[in-house]
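Now for the letters of each chain:
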Amino acid sequence: MSLTPKPDSKKRFGPATRLVHAGRDPSEQHGFVNTPIYRGSTVLFPTYDDLQHRRGRYTYGTHGTPTSDALCDAWSEIAGAAGTVATPSGLAALSMGLMAAVSAGDHLLVTDSAYRPTRIFCDEVLKRFGVETTYYDPLVGAGIGDLMRGNTKAVLVEAPGSLTFEMQDIPAIAEAVHARGACVIMDNTWATPLLFPPHERGVDIAVEAGTKYLSGGSDLLLGLTSANAQYWPALNRTYHQFSVCAGPEDMFLALRGMRTMGLRLREHERQALDIARWLQARPEVLRVLHPALPEDPGHALWKRDFSGASGLFGVVLKPVPEAAVAAMLDGLELFGMGFSWGGFESLCIPFDCTSFRTATRWQPGGPTLRFHIGLEDLADLKSDLDAGFARLRATAGGI
């Protein structure tokens, strides 16, 4: 007898319950709660006939293992997808989604607020294979239809935007894109399916970097690409053609992290909103880029389509010399300076989009910082930032 709810019964459970039970069947693991790490390439067949007809649940390491099945099945259930593939990084996951949707001679529309490595993949790799990419204003909404051509096969969205946190009207974009027979691909890393159910909102192929909140520990690299029934065959075929497999240990850690991701996301949201409001009141801050704040231009869209926020947001400082920003960041004790985010620790990095935006102009009005708020005590984080702002003022000669 199965020790977990049957798949057809899980639909009536809430997201927290699904996070705990999805992708687990202890009856197949001798009663152990978690699916273990299966490491291997070769799968043995009992007979010649079985080998010739590839008869068996598993046939080769790149075609799946109990570990990868557990993760991908769980993620499909949580995301509301027909299927999911796991890759060694978020960018690899996004590359899989793009390669499944476009071919030589096709046209691709990408939001100007996309993750910069995504732009590099489009401008360098896809271009070499005959795919033309055009960048568009993330605020275009249903007007995306006016930018589509006869050979536009996919539109890539990201909400909120990477670094700059603009909100996009995903349902309106999806309706316009689908009316013209094209595919909607979304980078949903900021929210995860827990806060924004991509396939419910009209997204055909959704990408999340499991490196972030699914891990929660800043200690693994992983990407997840899920698709609806229409695009799952193309995604699955493309994935197997590339055999870009995630490592078994990373998939195991992702499964373990999944069980507590909902709790961690709520705490990241609470902590980040507290710090964001505190920063709004600082004399050194021009504005905070966080769609969950009522003052944010994208707040209405966020409130309509999202059920929560993560711990990542941006800040525009009042004009100060670069040396003042460096003085602030160099002395921080609790905020690390490093790429990625989604772990238990707080991070802060400077950013500047002016050199690579093409459809819009990035003119924030001052230096910009990206914060990820971790799980430390809020009083300690504020004290650390307060000392940092004191160094900024001293170096700048006041505000």
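Look above for the structure.
All values derive from a computational prediction rather than experimental measurement.

Let's shift gears to the pairing of strand 4 (residues 152-158). Within strand 4, six of the seven residues are buried, leaving the element largely enclosed by the surrounding structure. In this sheet, strand 4 lies alongside strand 2 (residues 107-111) in parallel orientation, the contact comprising four bridges. Each bridged residue has a counterpart across the sheet, and for H107 the counterpart in strand 4 is T152. Two elements, strand 4 and strand 5 (residues 183-187), share five bridges in a ladder whose sense is parallel. In the strand pairing of strand 5, V157 is matched with M186. Since strand 4 and strand 5 lie parallel, the crossover through helix 6 (residues 170-179) that links them has a hand, and here it is right-handed.

When a protein is soluble and globular, its nonpolar side chains tend to lie buried together. With 87 residues, the main nonpolar core has L71, L222, L279, F313 and F371 as its most contacted residues. Tallying contributions element by element places helix 9 (residues 248-280) first for this core, with eleven residues. Apart from residues no more than four positions distant in its own chain, L279 is found in contact with V285, V288, F313, V315, F371, L385 and F389. Judged by nonpolar contacts, the second largest core, of 27 residues, contains A101, L126, L156 and A227.

Another aspect to go through is the sheet that holds strand 10 (residues 347-351). Read across the open sheet, the four strands follow the order 8-9-11-10; overall the sheet is antiparallel. Sheet topology places strand 8 (285-289) and strand 10 at the edges, where each strand pairs with a single neighbour. Sheet twist, expressed as the mean angle between neighbouring strand axes with direction ignored, is 25°. In this sheet, strand 11 (residues 368-372) lies alongside strand 10 in antiparallel orientation, the contact comprising five bridges. Looking at the pairing, I349 lines up with R370 of strand 11. Where helix 9 meets the sheet, its contacts fall on strand 8, strand 9 (312-317) and strand 11, and the angle it forms with strand 9 comes to roughly 10°.

This brings us to helix 5 (residues 116-128). The terminal C-alpha atoms of helix 5 lie 18 Å apart, and with 13 residues this matches the ideal 18 Å at 1.5 Å per residue to within 8%. Along helix 5, the helix axis deviates most sharply at C122, where the bend reaches about 30°. All of the buried residues along helix 5 are T118, R119, F121, C122 and L126. Tucked into the core, helix 5 has its buried residues touching helix 4 (90-101), strand 2, strand 3 (132-136) and strand 4. Positive backbone phi, at 85°, marks G130, one or two positions downstream of helix 5.

What describes a pair of aromatic rings is the distance from one ring centre to the other and the angle between the planes of the rings. Applying the stated criterion to the full structure yields six aromatic pairs. Summarising the aromatic geometry, the rings of Y213 and W341 are spaced 5.6 Å apart at their centres and angled 65° between planes, so their arrangement reads as edge-to-face. One end of the pair, Y213, is in the loop between strand 6 (205-209) and strand 7 (223-227); the other, W341, is in the loop between helix 11 (322-330) and strand 10, with 128 residues separating them in the sequence. On the accessibility criterion, W341 (10% relative accessible area) is buried. Put simply, the rings of W190, F196 and F306 touch in pairs and so form one group of aromatic residues. We note R119 situated over the ring of Y135; from NZ or CZ to the ring centre the distance is 3.9 Å. Here the guanidinium or amino end of R201 rests over the ring plane of F196, the centre of that ring lying 5.7 Å away.

This paragraph deals with the packing of helix 4 against helix 5. Relative orientation of the contacting elements helix 4 and helix 5 amounts to 45°, with a least axis distance of 10 Å. When the axis of helix 4 is compared with that of helix 5, the two are oblique. Of the two possible hands of crossing, helix 4 and helix 5 adopt the one that is right-handed. In contact with L91, L94, S95, L98 and M99 of helix 4, helix 5 contributes P117, T118, F121, C122 and L126.

The residue after A159, namely P160, is reached through a cis peptide bond having omega -10°. Looking at the element boundaries, P160 is found in the loop between strand 4 and helix 6. At L163, a residue that is not glycine, the phi angle is positive and equals roughly 75°. Within the fold, L163 resides in the loop between strand 4 and helix 6. The phi dihedral of F165 falls on the positive side, at around 65°, and the residue is not glycine. Relative to the assigned elements, F165 resides in the loop between strand 4 and helix 6. By relative accessible area, which is 2% here, F165 ends up buried.

The rules behind each value
Residues numbered from 1 in each chain as written. Predicted model: local features only at pLDDT ≥ 70, side-chain atom pairs only at ≥ 80, totals over all residues. Heavy atoms only, no water. Buried < 20%, exposed > 50% of the residue type's maximum accessible area, 1.4 Å probe, protein only. Helix = DSSP H or I, 4+ residues; strand = E, 2+ residues; numbered from the N terminus. Pairing = 2+ DSSP bridges. Right-handed = clockwise from strand over helix to strand, strands pointing away. Core = buried A, V, L, I, M, F, W, Y, C linked by side-chain atoms within 4.5 Å. Contact = heavy atoms within 4.5 Å. Axes fitted to C-alpha atoms, helices over the stretch in contact; angles between N-to-C directions. Expected span 1.5 Å × (residues − 1). Bend = angle between axes of the 7 residues up to and from the residue. Phe/Tyr/Trp six-rings, centres within 6.5 Å; stacked < 30°, edge-to-face > 60°. Lys NZ or Arg CZ within 6 Å of the ring centre and 35° of its normal. Parallel < 35°, antiparallel > 145°, perpendicular 65-115°, else oblique. Left-handed = near helix turned anticlockwise from the far one by under 90°.

These values are about where atoms sit, not about what they do.
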